Amino acid sequence: DEGQFDNQEEVFGISGALALYRASALEDVRFNDEFFDTDFFAYKEDVDLAYRLQYAGWKSLFEPNAIAHHYRGVYGKEKMGFFERIKNRRSKSKQLSFYSTRNHWLLILKNIDPVSLIVNLPRLVFTEVARTIYVFIFEPRNIFVFADVFRLVPKIAKKRSHIFKNKKISGRKIRKQFVCR
């Protein structure tokens, strides 16, 4: 290290594809024996961890000069139009779509603070109603995602309670980062 990696920028969180975490930060946000929430199983568990680290007062830093390669063939290119996004999603496995949708909703239930919920409610309602309609029309085999979310609500509520009971910062910083995707 000759100083070439001293250009870090603070970001909301780091993709699970390549992240380095301080052991003390992980220990600080651990719930029982979990660092990554095992209820998420796959997809968005890195975003969940980013929320918990933010609430606990930890910073996430991005180093723009570091290079890593992560093949994201499942998702396609980063910027897509509406119809291209639908076509891409329909080409994914049903299981991937199921966990992606389910974990998106679990992420919202578990991590969005009440003020952020109110501030983002119009956009959140629009996007989630659209997502629900999409599942009913284009992914009817995934309608069981709703039952799985409701099945997990009691566990997610316990984890949410733990997060908000132990949070060290206000939701204001988190609200600036909140994006409905």
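Preceding this section is the structure that the text describes.
Small disclaimer: the values here were computed from a predicted structure and weren't measured.

Bringing a nonpolar patch on the surface into the picture now. A cluster of nonpolar side chains, contributed by Leu117, Leu121, Val125, Val129, Ile133, Phe136, Ile137, Ile143 and Phe144, occupies part of the molecular surface with about 810 Å² of accessible area. Along the chain, the position of leucine 117 falls in helix α5 (residues 114-119).

Running from N to C, helix α4 (residues 94-111) and helix α7 (residues 144-166) cross one another at 35 degrees; their axes reach a closest spacing of 8 Å. Note that α4 runs across α7; the crossing there is right-handed. Class assignment for the residues of the contact of α4 with α7 results in 14 nonpolar, two polar and six charged.

Grouped together as the largest cluster of nonpolar side chains are 20 residues, with contacts concentrated most on Tyr51, Trp105 and Leu106. Of all elements in the fold, only α2 (45-55), α4, α6 (121-138) and α7 reach the threshold of two or more residues within this core. The next biggest cluster of nonpolar side chains, apart from the first, holds six residues, and it includes Ala25, Leu26, Leu53 and Ala56.

With that settled, the discussion passes to the packing of aromatic side chains. If you walk through the whole model with that rule in mind, you get nine aromatic pairs. Ring plane angle 50 degrees and centroid distance 4.9 Å describe the contact between phenylalanine 41 and tyrosine 99, whose orientation is recorded as tilted. In this pair, phenylalanine 41 is assigned in the loop between α1 (23-29) and α2 and tyrosine 99 in helix α4, connecting sequence segments 58 residues apart. When its relative accessible area of 57% is taken as the criterion, phenylalanine 41 is described as exposed. Through successive ring pairs, a cluster of aromatic residues spans Phe12, Tyr51, Tyr55 and Phe164.

Conventions used here
- Residues numbered from 1 in each chain as written.
- Predicted model: local features only at pLDDT ≥ 70, side-chain atom pairs only at ≥ 80, totals over all residues.
- Heavy atoms only, no water.
- Patch = residues over 30% accessible without salt bridge, like charges linked within 9 Å, V, L, I, M, F, W, Y side chains within 5 Å.
- Areas by Shrake-Rupley, 256 points an atom, 1.4 Å probe, with all protein chains shown as cover.
- Salt bridge = Lys/Arg side-chain N within 4 Å of Asp/Glu carboxyl O.
- Helix = DSSP H or I, 4+ residues; strand = E, 2+ residues; numbered from the N terminus.
- Axes fitted to C-alpha atoms, helices over the stretch in contact; angles between N-to-C directions.
- Left-handed = near helix turned anticlockwise from the far one by under 90°.
- Nonpolar A, V, L, I, M, F, W, Y, C, P; charged D, E, K, R; others polar.
- Core = buried A, V, L, I, M, F, W, Y, C linked by side-chain atoms within 4.5 Å.
- Buried < 20%, exposed > 50% of the residue type's maximum accessible area, 1.4 Å probe, protein only.
- Phe/Tyr/Trp six-rings, centres within 6.5 Å; stacked < 30°, edge-to-face > 60°.

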